[in-house]
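# Inside the fold
Here is what each chain is made of, one letter per residue.
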Amino acid sequence: MGDSVRAHKELTGGWAKAAQLPQPDLSGLAIKDEHLKRALLGQDFLVVDGAMGTQLQERGLADAGQIPELLNFSHPDDIAAIHKAYVDAGAEVITTNTFGANRLKLEGAASVEEVYRAAVGCARAAGAPYIAGDVGPTGALLEPMGTMSFEEAYDLFAEQVRAVAAAGCDVVLIETMADLREAKAALLAAQENCDLPVFATMTFGEDGRTFLGTSPEVAAEVLSGMGAHAVGLNCSLGPAELLGAAQDMARRSRCPLMVQPNAGLPRVEDGVTVFDVSPEDFAAAMEGMLDAGASVIGGCCGTSPEYTRELRRMADARRVPAPRAYEPACVLCSAQEAVVLPVGVPRIAVIGERINPTGKPKLKAALRAGDLDYLVGEAVSQQELGADVLDVNVGLPELDEPAVLAAAVDKLSSTVTLPLVVDSSDPVAVEAAVRGYAGKPLINSVNGKRESLEAVLPIVKRYGCAVIGLALDEEGIPPTAEGRFAVAERIVEAAERYGIPRTDVVIDCLTMACATNQSEALEILRAVTMVKERLGVRTALGVSNISFGLPQRNMVNSTFLAAAFGCGLDMPILNPKAKRYTDTVNTFRVLNCQDAGAVEFIGEYADAADPYTAGAAGAGVAAGAAEAAQPSRAADSAAECPVAVPDSLSDAADAVRDMVHLILTGRRGPMGPATEALLKGYNPLDLVNGVFVPALDVVGQKFDKGEFFLPQLMASAEAVKVGFDVVKAHMGDSADDGVGSNAIAVATVKGDIHDIGKNIVKMLLENYGFRVVDLGRDVEPEEVLRVASEQGIRLVGLSALMTTTVRAMEQTVELLHEKLPGCKVMVGGAVLTSEYAEQIGADYYAKDAAESARIAERFFAERG
Amino acid sequence: MMVRYGRLGAGGVPNARLDRSEALRYLGYTGQQVDEALLTRFNRLADECERVIAPSFAWSVFGIDEKRTCWEAPEPAATGSPDALDAAMDAAESRSAVSSQGAGCGKGLVPQVALAGCDLVLEGNSIAGHLRGACKVALMACTLGAVSEREMRKHEAISVADGVMFGACCSALVEAAANITEDAIVRFAHDMGLSTNWRFSPGYGDLPLNVQPAFLGVLDASRRLGITVTSTNMLVPVKSVTAVLGLFDEPDNGGEARDACAVCRLRDGCELRKRGITCHGR
């Protein structure tokens, strides 16, 4: 297929190999005939039909509130007639009337299998050359915006795909997807439940993205990388508006490009959706799409057989599709962003290494406590400091790594837009994490050992990932450049055997400590050059290993980093918080022309002082330090301190008053160091009971009196939390026995998705030392009961925001009281009053978060 | 008439400015002395909210189908007291919005206002009161989009205090976007020599939330704005607003006649009312 790719200018050596367009993999597929096969290879056009919905409307068959798929049973002749009109107009692919034919949307009106059978019957009656089994979105939102899990969506799609295959379709068509994660679930379901070719299209708005923020280039990279046989766009807008999106997809798509625009921008007039691009204008605008390389062509809403006739004419006139302007590149994607390193073009992408528990006690503690929010903080700070991609490693011996890694990846991909590196030596954990990831992750890592290649590469292929290959094998790490290169070459060859293009392979030549393996430093750098030039793959290096055992490690690291960039390093794995590294990266991006015109560099450094001439401090003061440096005001306001300094801490009265001030003003930054300092000379429990709790009580009183408003209460609670965390780390595991044995479960009730109130309560309760089990939002009464009884929980907090969900609250209270008589329930939420709470049988009513903490304190004090 | 769509803060259109004092009011601010650091934090979040979120909106104006409309319930019992309101609401939520044609006054239940040229029927004493005397009805929808969901989750994960403040900023921003949309409707009405009253949203008074799917359908808002509805009729993205305005022949209807709190289901426990202020600002 090299002929259909725009010839890349003068690439030699490894780059020439990397620049080839990957061949569509048609092995194992049931392909109806030679023409369809040629179409799947991008060598023939395939004309697909147009709208079903607007055609139904014209026949007066579109009844609001009716399930359109049932028309396959009630009006098969009409459906077949619509199909037939498209066949007569020259459509080769007829799309079944099954857009919403999933278990959820059919609501039991018919089985999924029956609907597809009837729909395929209609298409066959129309004489369709090829029948595409249509699969639209589930209609429910996936997590985290909605409540449907990835696997639930997968199950719905899998049922549809089995029905598509059983009914005798020739193609699976996944269309009108707005959520890349949902599209991925559907594509996996198709690939794992039938052997038909799969086409997948997403729908983009006027801002060039789907509603969930996916760009055309990301959609094409991810879906074609996973092995869809055609990818593209449909619906939303007309061909003129969608041309840019089609061109973007053509650059990233490894398979034929499919386009099905609307007949222009839809307008709703008097309750009816109308389209105003004529068949002729549609055809004229579609010329641009065909020039961009679209070869599977059809229409969506508002199109009719007249439009199909035009497309047929254009396809016949051109005979052979135009080559797509495919741009070979190493690409990593989140659902929203793509990091692109085009073949033959110097580019640096920084992999942030901070999310890795090795040597990070706070991260370890957070992972052990199941606190994934901590990871988000680490992710955002690395992003702000210039990381392009984030490494995620949660390997701790006592953790269930597959579950935690998958949860961490979910959490990060729902909060941060940077692409992720899934870092684990356990292939089971890697697969668990990449399967539901909306994007194209980089897997870290595979190595030259046969066992590793056989375990990891199938995962890379199946989920369309990129992979880091470590230059080591059964013999260990070769000491010479030639030895490392040889392993790298074997990894690249093995990847290609599995159908993974070398653009998706990144080789790590493995940094060794200069103190122990001094002679290897230059060998590593030489290996980077060899790998890059001869294999045409991108390279990664963990930088900081080089300096083990030497003084001034940052200096050694940044020098090595600069040298490695010169040898062709593309993806340094480093700590973006180290200013020295980012200085080197920013500088080299000027030298390699990535920072065109040095615009970024000048913006960042024009007014910066040279750290060697400006004095010892240099740049890179930690963010919290400025806050910490603010002068203490406790000493001169000792009389005003609302917390009496306890006797046990009387030697440190000023420090205690400073700390109370930090809590009252909600300063998280300085709270950690302040706590550390006091812990050096004093008992942690004295600190908790003599400072944290009394200060929090003062905050609570101020809140009650209206002297503090909500953010002040919370900022103070967060400052205490920082102190608590330091105390816990100091005490080790024994801390939990002392403070956390009184457990409270909190939940937002079934049907309610507003959880901020519950989250505030949770945070405050935790700061009063209670162990809080957070069940999340939209929680079934049975789930609350299950957790409460399994964990022996005696106090449950429920929140509901809407009048309509108070009923679910009432049911939950009833169920708990009936099945778990010892368990008490406190309730809160915008619509509740104390009378209302009493009415629904709740034991306590908390008018706000501070009240919930007092209820909990009283409750456990009375019961001990 | 056709549905108008638009986006703020993108493609050269300036973004809505969120009212800082309104966001603070949502957070319960009543003039407390606040540490400078916390105010800085709040302002940084407010700036970020305006920078990263581009609200989108849709609106359209409909005639009233008098044949299917019924302004008065035969038994005028279900007005006034909150208890009656609750009972009416309960009844309303158990009916469906689309299939209710003929199930309203005809069966002696509640008033209903049917819009011309579409399936939407607005049910309840409150909405009938809101639209009584109107010659046309405007429907509008606004949303902060999926970005707002992600950004709220991000801030909440890093700091619940930041999350709460950012959430309040989002609420103020979607209100600002709703104000801009409402202004467009008011201008449209004025051009036709009509006056308007104020925004009335599903879930308010006894206008049931289960009208949301049909409401969004009429504006094609799921496809054009990405607003979806959960099985319990809550809007996602959460920072979305749907609302109804009446258009009137006579000048100055609404405005001074407004007592929005009268039909509000939260009025008894409302902290803002206790302080003598309202949530709707204008």
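On a predicted model such as this, the values are computed, not experimentally measured, just so you know.

## Overview of the overall build of chain B
For chain B, the helix and strand inventory stands at nine helices and nine strands. Within chain B, contacts between residues at least 6 apart in sequence are counted, and of these 77% link residues at least 24 apart.

## Let's talk about the interface of chain B and chain A
Contacts between the two partners involve 54 residues from chain B, matched on the other side by 52 residues from chain A. Elements that contribute at least two residues to the side of chain B that touches chain A include exactly α2 (36–52), α3 (82–93), α5 (145–158), α6 (160–191) and α7 (212–219) of chain B. If you tally residues by element for the side of chain B that touches chain A, the top one is α5 of chain B, at 10 residues. Of the residues in the side of chain B that touches chain A, the class split is 28 nonpolar, 15 polar and 11 charged.

## Thoughts on the sheet that holds strand β25 (residues 844–845) of chain A
Residue and element names in this part refer to chain A. The five strands are arranged β22-β21-β23-β24-β25 in an open sheet whose pairing can be described as parallel. The strands lining the two open edges of the sheet, one partner per strand, are β22 (771–774) and β25. Two elements, strand β21 (residues 743–748) and β22, share four bridges in a ladder whose sense is parallel. Looking at β22, one finds that A743 is bridged to R771. Strands in contact with helix α31 (residues 756–767) are β21, β22, β23 (795–799) and β24 (824–828); relative to β21, the strand with the most contacts, it is inclined by about 170 degrees. Contacts between helix α32 (residues 781–790) and the sheet are confined to β21, β22 and β23, with β21 contributing the most and set at about 170 degrees to the helix.

## Concerning helix α27 (residues 671–679) of chain A
All names here are of chain A. All buried positions along α27 are accounted for by M671, A674, T675 and L678. Projected onto a plane normal to the axis of α27, the buried residues spread over an arc of 100 degrees and lie on a single side. Taken together, the buried residues of α27 touch α26 (653–664), α28 (684–704) and α29 (710–731).

## What about unusual backbone geometry?
N444 of chain A connects to S445 of chain A through a cis peptide bond whose omega is 20 degrees. The omega torsion across V236 of chain B and P237 of chain B is 0 degrees, close enough to zero to call that bond cis. Mapping P237 of chain B onto the fold places it in the loop between β8 (235–236) and β9 (240–248). Located in the positive-phi region is E107 of chain A, a residue other than glycine, with phi close to 50 degrees. Residue position: E107 of chain A is located in the loop between α6 (103–106) and α7 (112–125). Overall, E107 of chain A belongs to the exposed group, with 8 C-beta atoms counted inside 10 Å. Positive phi is not limited to glycine here, since N233 of chain B has a value of about 65 degrees. Examined against the element boundaries, N233 of chain B turns out to sit in the loop between β7 (228–229) and β8. Taking the number of C-beta atoms within 10 Å as the measure of exposure, N233 of chain B has 20 and is therefore buried.

## Observations regarding the domain arrangement of chain A
Parsing chain A into structural domains produces domain 1 (40–321), domain 2 (330–604), domain 3 (625–727) and domain 4 (740–863). Centre-to-centre separation of domain 1 of chain A and domain 4 of chain A, based on C-alpha positions: 45 Å.

## Details of the nonpolar core
Within the largest apolar cluster, 374 residues are counted, with the highest numbers of intra-cluster contacts made by V172, I174 and A246 of chain A together with C169 and L173 of chain B. Looking at this core element by element, the count peaks at 16 residues for α6 of chain B. The contacts of L173 of chain B, once residues within four sequence positions are left out, are A16, L18, C49, E50, I53, P55 and L144 of chain B.

## A word on the pairing of strand β20 (residues 571–574) of chain A
All names here are of chain A. Burial along β20 is two-sided: the face carrying M571 and I573 and the face carrying P572 and L574 are both buried. Two elements, strand β13 (residues 351–355) and β20, share two bridges in a ladder whose sense is parallel. Counterpart to G352 in the pairing with β20 is L574. Taken together, the three bridges between strand β19 (residues 538–542) and β20 define a ladder with parallel strand orientation. Directly across from L541, in β20, lies its bridge partner P572. After leaving β19, the chain enters helix α21 (residues 553–567) and then returns to the sheet as β20, a path that is right-handed.

## Re the confidence of the model for chain A
All names here are of chain A. Taken residue by residue, chain A gives an average pLDDT of 91. The fraction at 70 or more is 94%. With pLDDT under 50 throughout, residues 1–8 is counted as low confidence; its partners more than four residues away or in other chains account for 19 contacts. For residues 616–632, every residue scores under 50 in pLDDT, and the model assigns this stretch 14 contacts once sequence neighbours within four places are set aside.

## Points about the environment of E780 of chain A
Residue and element names in this part refer to chain A. With respect to the helices, strands and loops of the structure, E780 is situated in the loop between β22 and α32. Looking at E780, the number of C-beta atoms within 10 Å reads 17, which means it is partly exposed. Distance from E780 to G751, taken between C-alpha atoms, is 8.4 Å for residues 29 residues apart in sequence.

## Details of the confidence of the model for chain B
Residue and element names in this part refer to chain B. Residues of chain B with pLDDT of at least 70 account for 79%, and the chain-wide mean is 85. Confidence, read as mean pLDDT per element, is least for α3 in chain B (62) and greatest for strand β5 (residues 136–143) (97). In the predicted structure, residues 97–103 sits below a pLDDT of 50 and forms 18 contacts with residues beyond four places in sequence or in another chain. Across the whole predicted complex the pTM is 0.89, and at the interface the ipTM reaches 0.87.

The rules behind the values
- Residues numbered from 1 in each chain as written.
- Chains lettered and ligands numbered in written order.
- Predicted model: local features only at pLDDT ≥ 70, side-chain atom pairs only at ≥ 80, totals over all residues.
- Helix = DSSP H or I, 4+ residues; strand = E, 2+ residues; numbered from the N terminus.
- Contact = placed C-beta atoms within 7 Å.
- Nonpolar A, V, L, I, M, F, W, Y, C, P; charged D, E, K, R; others polar.
- Pairing = 2+ DSSP bridges.
- Axes fitted to C-alpha atoms, helices over the stretch in contact; angles between N-to-C directions.
- Buried ≥ 20, exposed ≤ 12 C-beta atoms within 10 Å, placed from the backbone.
- Arc of directions from axis to C-beta.
- Domains from an automatic or database assignment.
- Core = buried A, V, L, I, M, F, W, Y, C linked by C-beta atoms within 7 Å.
- Right-handed = clockwise from strand over helix to strand, strands pointing away.
- pLDDT = per-residue confidence, 0-100.

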